[in-house]
Amino acid sequence: MKILVCISNVPDTTTKVRFTNDNTQLDTNGIQWVINPWDELALTRALQLKEDKNNSVESVTVIHVGGKESEPTIRKALAIGADDAIRVNAEPTDAYFVASQLAEVIQQHDFDIIFAGIESSDYNGAAVGGMLSEMLGMPSISAVSSFELENDQVRIIREIDGGKETMTSQLPLVVVAQKGIAIEPRIANMRGIMMARKKPLNVVEPAEKDSMVDFVDFELPQAKPPCKMVDPENVQELVDLLQNEAKVI
Amino acid sequence: MAILVYTEHWDGQFKKSTFELVSYASKLAEMADAQTVALSIGQVDEDNLRQLADYGADKIITVNQANLKYLDNQAYTSVIQQVADQEGADIMVLAHNNTGKALAPRLSARMQAALGSEVNQLPAELDPFVVNKKVFSGKAFANVKLKTDKKVLTLAQNSFGIYENTQEPIIENFEPTLSDEQIKTQVTDVEKHRDKLLLTDAELVVSGGRGMKSPENWDKLNDLANELGAALACSRPVSDEGWRPHEEHTGQTGKIIAPDLYIAAGISGAIQHIAGVSAAKYIVAINNDPDAPIFEMADYGIVGDAMQVLPELTEALRKARS
Ligand SMILES: Cc1cc2nc3c(=O)[nH]c(=O)nc-3n(C[C@H](O)[C@H](O)[C@H](O)COP(=O)(O)OP(=O)(O)OC[C@H]3O[C@@H](n4cnc5c(N)ncnc54)[C@H](O)[C@@H]3O)c2cc1C
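Definitions and cut-offs
Residues numbered from 1 in each chain as written. Chains lettered and ligands numbered in written order. Predicted model: local features only at pLDDT ≥ 70, side-chain atom pairs only at ≥ 80, totals over all residues. Heavy atoms only, no water. Axes fitted to C-alpha atoms, helices over the stretch in contact; angles between N-to-C directions. Helix = DSSP H or I, 4+ residues; strand = E, 2+ residues; numbered from the N terminus. Parallel < 35°, antiparallel > 145°, perpendicular 65-115°, else oblique. Left-handed = near helix turned anticlockwise from the far one by under 90°. Contact = heavy atoms within 4.5 Å. Buried < 20%, exposed > 50% of the residue type's maximum accessible area, 1.4 Å probe, protein only. Pairing = 2+ DSSP bridges. Right-handed = clockwise from strand over helix to strand, strands pointing away. Salt bridge = Lys/Arg side-chain N within 4 Å of Asp/Glu carboxyl O. Polar contact = N/O pair within 3.5 Å; in protein donor to acceptor, adjacent residues only side chain to side chain. Nonpolar A, V, L, I, M, F, W, Y, C, P; charged D, E, K, R; others polar.

### Notes on the packing of helix α3 (residues 95-106) of chain A against helix α4 (residues 128-136) of chain A
All names here are of chain A.
Then step 1. Look at α3 against α4: their axes get within 9 Å of each other, and the N-to-C directions meet at 45°. Between α3 and α4, the angle is such that the two are oblique. Classified by chirality, the crossing of α4 by α3 is right-handed. Contact with α3, carried on its side by A95, Y96, V98, A99, S100, L102, A103 and I106, involves V128, M131, L132, M135 and L136 of α4 and no other residues of that element.

Listed below in structure tokens is the structure:
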């Protein structure tokens, strides 16, 4: 069984975002780039499955659509334990473009399980995994919070609004992962970092594909007015404010 | 031309979020001089279906087929596409919830329709079609242009509002072409959180962080939530520690919510936590550290010990209401 994990390269979650060029571009100055948090959890789970000898997971590959500058993030995925990596050498312009590039490469391989994160913490599209599965004509299960393999059969829990469903599926399958699939992301150790340097990182050139969405411009949220402080000895005042000023209760 | 809105139901019942979605679709239809067509899959009785017309649905299409009992992303996408084709729909609208997130991208790829995901308002005009959405987990907003003729939108919950606009609806049944072999995923077990106010639906939310010290102290939050009729939430470490179930975790990696009121007790206000709650209309912070970052995001704040403040607040509310 072969597992593929789709990886997005995103600003560290503590980044203060700023824009340049008339607010049309992210200012990348000083940004630390990391593996998208959900992708990192999916990768962690894939590696756990590979290590569990009751399964027959042969390999865990990661794939990313992005320029050369994203290679440190890909190397990080290799350092955490992925066996090999593929980088599609193109600027990721929108979710549709990214999914098209991924589909193009995946069609030339035979992965049984393809993980994608439920969203990318930069443009919050919640789109690539679903689009990819449609392009590949594969089933998909979304909002997956638990993933088990038993005799190469999948047992999945997905979150629905107001509950959970336990599921099985035919393979190959696209699994769109959310929190819960793993709790703590795995961190690379020194040995992993050394080994990652020698692992294959294959660069493929992009196919001719269009995007469907343009990012026109960005804006920052309006500054909040300062917080009104209420004396802890007088919580009645807070009730008044909520009733008469905010009018939310 | 038509705007197609996929209306999810829960055991035959719609929710306020469904009505918000129909309201949005019908305002869009007004702009486009189009019909609002609502699609409902599964068993819903006629009285409930008619509710969709109270918010602007001109036509309601129902699909009832045994093999559609559970959400199979491929099958549902196919059904929505078949209905969209029959109705000549150019814009498909879904909720930005777990179901919408599962279906909208598939539909987008299938119909070559640009996806505007988690949009929070109407476009200013239809051509060019530019919509606003949150990016960087709420740290910014983007205007995105959807470049294709057909479009798929998912609407951020609690971002638009509910508008009555009563129509006399046509109700029709639709028989999709869908064989059992096309369904490749199976649901073997369902666990529902019954009688529990769903966090993403709640208008009022009471939330606790690591500053609550231990799970035993949650009865103080629970009492306040009960008094308010609020749902409970928590920060990530609280659910990671197992003090509270995962479905209560809000933030970047948890639930993204937009209630009218969010009360945060013993939560420092880390940027990843705020990512999940920044769309709340009002935030109240209770924290014993006056420098906690949560106060930068809050509308009202109390510097104090949550163990003391919470019961007093519950009591003050009870008095104010009696
Ligand atoms: C990739 C990534 C994703 C993340 N995603 C999320 C997420 O989705 N959601 C999330 O919540 N976090 C997330 N985090 C974690 C986040 O960075 C913070 O660590 C977390 O939010 C802190 O939780 P907390 O506020 O409960 O705890 P703390 O930061 O420990 O804060 C506890 C607060 O309680 C106060 N306090 C202590 N005692 C009392 C008392 N008696 N009365 C009143 N106040 C008291 C303290 O002053 C402090 O401000 C993420 C982190 C990373 C790296």
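What follows continues from the structure just given.
### So, the pairing of strand β14 (residues 282-287) of chain B
All names here are of chain B.
Then step 1. The buried fraction of β14 is high, at 5 of 6 residues.
Then step 2. As paired elements, strand β13 (residues 261-265) and β14 share 5 bridges and run parallel to each other. Paired with Y262 across the strands is I283, a residue of β14.
Then step 3. Each parallel crossover has a hand, and the one from β13 via helix α7 (residues 271-277) to β14 is right-handed.
Then step 4. Across 4 bridges, β14 lies against strand β15 (residues 300-303) in parallel orientation. Within β15, the position partnered with N287 by the bridge is V303.

### A few points about the pairing of strand β6 (residues 59-65) of chain A
All names here are of chain A.
Then step 1. Across the 7 residues of β6, 7 count as buried, placing the element largely inside the fold.
Then step 2. Two elements, β6 and strand β7 (residues 84-88), share 5 bridges in a ladder whose sense is parallel. Its bridge partner lying in β7, V62 is registered against A85.

### Remarks on the interface of chain A and chain B
Then step 1. At the interface, 78 residues of chain A touch 87 residues of chain B.
Then step 2. Our count for the chain A to chain B interface comes out at 6 salt bridges.
Then step 3. Where chain A touches chain B, the interface holds 47 residue pairs in polar contact (both at pLDDT 80 or more).
Then step 4. Breaking the side of chain A that touches chain B down by element, the ones donating at least two residues are α1 (37-51), α4, β9 (140-150), β10 (153-160), β11 (163-169), β14 (213-219), β15 (228-229) and α6 (236-245) of chain A.
Then step 5. Here the residues of the side of chain A that touches chain B are counted per class, giving 42 nonpolar, 20 polar and 16 charged.
Then step 6. Here β14(A) runs beside strand β7 (residues 140-146) of chain B; their pairing, made up of 6 bridges, is antiparallel. Paired with V213(A) across the strands is L146(B), a residue of β7(B).

From the geometry alone we can't say anything about function, so treat these as descriptive.
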